[in-house]
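Architecture at a glance
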Amino acid sequence: MHEMAVTKNILDIALESAREADNARVMEINLVIGELSSVADDSVQFYFDALSKDTAAEGAKLNFRRIPAFFQCTACKHRYKRKENTFRCPRCGADAKICEGGTEFYIDSLVVEN
Ligand SMILES: [Zn+2]
C-alpha cells in the first residue's frame, strides 16, 4: 500500500505544522505530484480521510498539482517534455534519455486556521 504510506507521511507533516501554529486546524493541503509518480489522487484523498479522522486535519481538502517530467536525449542533448505515449526524443527520434524529475510527491503549502 504505497499510497497509504505516503499519505501517512503527509498527514504527519501537516499535523506537525498545525501544532506549531498554536494548535491550528489543517484546512487545505496543496500537494505536488510528478507526472511519472505512481501516486493516484483518489487513493490519497481516500486514505487521508480515513487516517485524519479525529485529528486536527480531519476534513481537510487536498489539492493536487501535477508537474511534468523533463527528459534529456543522450544522443543529441535535446531537452524535452514527453509526448503522450512515447518517451522518444522529438528531435532525433532516439530512445535514449535521462529523466529529470517527474516522480516528485511533496507538500507545496498548507492552509491552517486557528
Ligand atoms: Zn535526440
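Residues numbered from 1 in each chain as written. Predicted model: local features only at pLDDT ≥ 70, side-chain atom pairs only at ≥ 80, totals over all residues. Heavy atoms only, no water.

We now examine the coordination of the zinc ion. Within the protein, the zinc ion binds to C73 (SG), C76 (SG), C89 (SG) and C92 (SG); these donor distances fall in the range 2.3 to 2.4 Å. For the zinc ion, the four donor atoms in the first shell make angles of 106 to 113 degrees at the metal, a pattern classed as tetrahedral. Between consecutive donor residues of the zinc ion, the sequence gaps follow C-x2-C-x12-C-x2-C. Here C76, found in the loop between β3 (70-73) and β4 (79-81), pairs with C92, found in the loop between β4 and β5 (97-100); they are 16 residues apart in sequence, far enough to count as distant. Judged by relative accessible area, C76 falls into the partly exposed class, the value being 24%. Classification of C92 as partly exposed rests on a relative accessible area of 42%. (Donors = N, O, S within 2.8 Å, 3.2 Å for Na, K, Ca; no water. Tetrahedral: all angles 85-135°; square planar, octahedral: opposite > 155°, others 65-115°. Helix = DSSP H or I, 4+ residues; strand = E, 2+ residues; numbered from the N terminus. Buried < 20%, exposed > 50% of the residue type's maximum accessible area, 1.4 Å probe, protein only.)

One open sheet holds the three strands; their spatial order is β2-β1-β6, and the pairing between them is mixed. Two strands lie at the open edges of the sheet, namely β2 (61-67) and β6 (105-113), each paired on one side alone. Each neighbouring strand pair of the sheet contributes to a mean axis angle of 20 degrees, computed without reference to strand direction. Sheet topology note: the strand β1 (residues 25-34)/β2 ladder contains seven bridges and is parallel. Opposite E28, over in β2, you have K61 as the bridge partner. Packed on one face of the sheet, helix α1 (residues 2-20) meets β1 and β6 and runs near 35 degrees to β6. Against the sheet, helix α2 (residues 41-51) engages β1, β2 and β6, with an angle of about 155 degrees to β2. (Pairing = 2+ DSSP bridges. Axes fitted to C-alpha atoms, helices over the stretch in contact; angles between N-to-C directions. Contact = heavy atoms within 4.5 Å.)

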